[in-house]
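So the chains spell out like this:
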Amino acid sequence: MRTGMPRILLAEDDPAIRKLVEWTLDDEGLAIDEAADGEAAIDYLAARRPALLILDVMMPGADGFQVAEAL
């Protein structure tokens, strides 16, 4: 985990896609936090504000539109 830099929240329920995107962004030197479903993303957003949110629209529980609305 990189510290002291703006964070990106990656909200994606598919672990393979999540890992691929995380590796790609990490290779670019970006700081990534992950949420495996919409409810975890909403919990994250209740506590902090990322510089960027990469959001899967079709997630179990709260979908991407509900996460965006919560933001």
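How each quantity is defined
Residues numbered from 1 in each chain as written. Predicted model: local features only at pLDDT ≥ 70, side-chain atom pairs only at ≥ 80, totals over all residues. Heavy atoms only, no water. Phe/Tyr/Trp six-rings, centres within 6.5 Å; stacked < 30°, edge-to-face > 60°. Lys NZ or Arg CZ within 6 Å of the ring centre and 35° of its normal. Pairing = 2+ DSSP bridges. Helix = DSSP H or I, 4+ residues; strand = E, 2+ residues; numbered from the N terminus. Axes fitted to C-alpha atoms, helices over the stretch in contact; angles between N-to-C directions. Contact = heavy atoms within 4.5 Å. Salt bridge = Lys/Arg side-chain N within 4 Å of Asp/Glu carboxyl O. Buried < 20%, exposed > 50% of the residue type's maximum accessible area, 1.4 Å probe, protein only.

Draft legend 1. Seen up close, the packing of aromatic side chains. Enumeration according to the criterion identifies zero aromatic pairs in this entry. When the ring centre of tyrosine 44 is taken as origin, the NZ or CZ atom of arginine 48, which lies over that ring, is 4.5 Å away.

Draft legend 2. Broad picture of the sheet that holds strand S3 (residues 52-55). Pairing is parallel across the open sheet formed by three strands, whose spatial order is S2-S1-S3. One side of each edge strand has no neighbouring strand; the edge strands of this open sheet are strand S2 (31-35) and S3. Taking the axes of each pair of neighbouring strands and ignoring which way they run, one obtains an average angle of 20° across the sheet. Bridging between strand S1 (residues 7-11) and S2 involves five bridges; their strand directions are parallel. Looking at the pairing, arginine 7 lines up with alanine 31 of S2. Sheet strands in contact with helix H1 (residues 15-27) are S1, S2 and S3, and its direction is about 165° off that of S2. Relative to the sheet, helix H2 (residues 38-47) contacts S1, S2 and S3, its axis offset from that of S1 by approximately 160°.

Draft legend 3. Layout of the pattern of salt bridges. A full pass over the atoms with the stated rule returns four salt bridges. Between aspartate 33 and arginine 7 there is a salt bridge, with the nearest N and O atoms lying 2.7 Å from each other. Of this pair, aspartate 33 sits in strand S2 while arginine 7 is found in strand S1, placing the two residues 26 residues apart along the sequence. Given the relative accessible area of 17%, arginine 7 is considered buried. A salt bridge links glutamate 34 to arginine 18; the shortest N-O distance between them is 3.1 Å. Linking glutamate 34 in strand S2 with arginine 18 in helix H1, this pair joins segments that are 16 residues apart in sequence. The class of glutamate 34 is partly exposed, set by a relative accessible area of 36%. Overlapping salt bridges, with partners in common, bring together Arg18, Lys19, Glu22 and Glu34 in one network.

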